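If you want the building blocks of each chain, they are given just below.
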Amino acid sequence: MQNSKELSTWLDDLKLEHPLVIAGPCSAETEEQVLKIAHELKDSDVSYFRAGIWKPRTRPGNFEGVGALGLKWLQKVKAETGLKTATEVANRAHVELALEHDIDLLWIGARSTVSPFIVQEIADALEGTDKIVLIKNPVNPDLALWLGAVERLSSANIKNLGVIHRGFSTYEKSKYRNNPEWQLAIELQTRFPDLPLINDPSHITGRRDMVFDVCQTALDLNFDGLMIETHYDPDNAWSDAAQQITPKTLIQYTKDLKIRKESTTEADYTSELQNLRAQIDVADNQLLDTLGKRMKVAEAIGALKKEKNVAVLQSKRWNEILGKMVLEGEQHNLSEEFILKLFKAIHQESINHQKQILKS
Ligand code: PEP
Ligand code: MN
């Protein structure tokens with residue numbers, strides 16, 4: 001991995017006074033559509049105009065993109081509006097065509113990041129480029145796979161790198177199209193604090209009415225930018241219709257979103273953050289303390305069970321606890337999903353402790 005400072009200069013060089021905004025349609029559909037959206041975004045906070053040319057669709061039979069033809073439309077966008085251009089590349093041929101058409105920013109999609117072979121092919125094709133390359137998180141919540149892609153590109157001497165957080169697919173039902181799993185993005189940010197981190201609220205939510213809130217959360221977490229799908233007629237978009245917003249809405253959002261960094265001086269911000277982090281540390285230590293105490297009680301129960309020769313797992317009692325905790329959790333604004341996961345983990349640890357006692 002290169003020195004992370006080298007990784008970040010492209011964003012600093014833009015000298016923006018607000019987070020980076022990349023916007024444009026999910027897919028380029030027609031020349032008119034592309035140009036109309038670009039003109040509506042021209043005098044806004046948007047720096048890069050995005051449009052998918054090759055669309056990786058999960059199921060066949062859907063619109064799969066206009067192909068290389070769309071690259072000419074993006075060139076027109078740049079010539080007419082001055083916006084820089086961005087598109088997704090998924091193999092060597094895409095990279096070569098995008099470079100030939102002088103696309104400014106290339107991103108690797110979530111379905112490509114999962115494949116080390118594809119990522120390596122793209123890295124080899126881009127070797128030494130000074131274009132900006134952004135890597136979307138893989139579809140599955142696997143930080144190593146995401147980092148691996150950053151490393152492959154970095155090793156190919158690509159300096160202007162960044163990552164896009166677009167959420168993760170789950171089998172379980174969720175209000176999101178792709179669960180944000182914010183902790184994964186935060187972990188990546190902690191490991192590479194200078195690697196620009198962009199949020200993609202469109203693919204996280206899958207619904208336009210949730211886009212604003214996800215943008216705000218991302219900015220509260222110090223993300224460096226947003227990539228937002230934008231179409232003048234979202235409902236009739238050829239792909240991802242439900243999640244796109246109009247250029248007018250996007251411009252309003254850029255005005256309404258709170259950029260925490262700017263609302264306070266750097267010093268105030270730092271001391272406030274330190275204070276809040278200290279509170280988190282205290283709370284974490286209390287949690288560990290409490291868990292340790294709980295385990296001691298579990299062990300005492302284990303000893304009692306051993307004496308009476310009773311089974312460790314008492315499912316009726318356990319289900320009662322879970323039900324009660326879910327209700328209690330609600331009062332503390334903790335989701336059922338979280339409470340279930342948390343208490344399952346605690347319960348497993350208790351069982352392990354009790355088993356040790358029974359064995360002894
Ligand atoms: C897209 O940006 O339109 C796209 C296909 O995104 P993802 O790779 O995140 O699914
Ligand atoms: Mn899309």
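As a further point, take the overall build of the protein. In terms of regular secondary structure, the protein is built from 14 helices and eight strands. Projected onto the principal axes, the alpha-carbon positions of the protein cover approximately 80 × 50 × 40 Å. Per-residue burial for the protein yields a buried fraction of 44% across its 360 residues. In the protein, 73% of the contacts between residues at least 6 apart in sequence involve partners at least 24 apart. Charged side chains of the protein number 44 positive and 52 negative; the gap between the two group centres comes to 7 Å.

This next bit is on the pattern of salt bridges. On inspection of all chains with the given rule, the structure shows 14 salt bridges. The partner of Lys-76 in a salt bridge is Glu-31, and the shortest N-O contact between them spans 2.6 Å. One end of the pair, Lys-76, is in helix H3 (residues 69-81); the other, Glu-31, is in helix H2 (residues 31-41), with 45 residues separating them in the sequence. What makes Glu-31 partly exposed here is its relative accessible area of 24%. With a shortest N-O distance of 3.4 Å, Glu-96 and Arg-92 are connected by a salt bridge. Within this pair, Glu-96 and its partner Arg-92 are both found in helix H4 (residues 92-100), separated by four residues, close to a single helical turn. Overall, the relative accessible area of 40% leaves Glu-96 in the partly exposed class.

The reference angle at a metal is 109.5 degrees if four donors form a tetrahedron and 90 or 180 degrees if six donors form an octahedron. Donor atoms from the polypeptide that coordinate the manganese ion (ligand 2) comprise Cys-26 (SG), His-203 (NE2), Glu-229 (OE) and Asp-240 (OD), at 2.0 to 2.4 Å from the metal. Mapping the donors of the manganese ion (ligand 2) onto the primary sequence yields the spacing C-x176-H-x25-E-x10-D. With a gap of 26 residues between them, His-203 in helix H9 (residues 201-205) and Glu-229 in strand S8 (residues 225-229) connect regions that are remote in the sequence. Since its relative accessible area comes to 0%, Glu-229 is described here as buried.

Moving on, we come to the packing of helix H13 (residues 315-331) against helix H14 (residues 336-359). Interaxial distance between H13 and H14 falls to 9 Å at its minimum, and their mutual angle equals 140°. In terms of axis orientation, H13 runs oblique to H14. Classified by chirality, the crossing of H14 by H13 is right-handed. Here Trp-318, Leu-322, Met-325, Val-326 and Gly-329 of H13 come into contact with H14, specifically with Glu-336, Ile-339, Leu-340, Phe-343, Lys-344 and His-347. Partitioning the contact of H13 with H14 into residue classes produces seven nonpolar, two polar and two charged.

It is worth spelling out the packing of aromatic side chains at this point. Using the criterion set out here, one finds four aromatic pairs in the structure. Ring plane angle 90° and centroid distance 5.0 Å describe the contact between Phe-63 and Trp-238, whose orientation is recorded as edge-to-face. Placement of Phe-63 in the loop between strand S2 (46-50) and H3 and of Trp-238 in the loop between S8 and helix H11 (247-256) is noted, with a sequence separation of 175 residues between them. Looking at Phe-63, the relative accessible area reads 21%, which means it is partly exposed. Summarising the aromatic geometry, the rings of Phe-212 and Tyr-253 are spaced 5.1 Å apart at their centres and angled 70° between planes, so their arrangement reads as edge-to-face.

Each value, and the rule that gives it
Residues numbered from 1 in each chain as written. Chains lettered and ligands numbered in written order. Predicted model: local features only at pLDDT ≥ 70, side-chain atom pairs only at ≥ 80, totals over all residues. Heavy atoms only, no water. Helix = DSSP H or I, 4+ residues; strand = E, 2+ residues; numbered from the N terminus. Buried < 20%, exposed > 50% of the residue type's maximum accessible area, 1.4 Å probe, protein only. Contact = heavy atoms within 4.5 Å. Lys, Arg positive; Asp, Glu negative; His and termini not counted. Charge placed at Lys NZ, Arg CZ, Asp CG, Glu CD. Salt bridge = Lys/Arg side-chain N within 4 Å of Asp/Glu carboxyl O. Donors = N, O, S within 2.8 Å, 3.2 Å for Na, K, Ca; no water. Axes fitted to C-alpha atoms, helices over the stretch in contact; angles between N-to-C directions. Parallel < 35°, antiparallel > 145°, perpendicular 65-115°, else oblique. Left-handed = near helix turned anticlockwise from the far one by under 90°. Nonpolar A, V, L, I, M, F, W, Y, C, P; charged D, E, K, R; others polar. Phe/Tyr/Trp six-rings, centres within 6.5 Å; stacked < 30°, edge-to-face > 60°.

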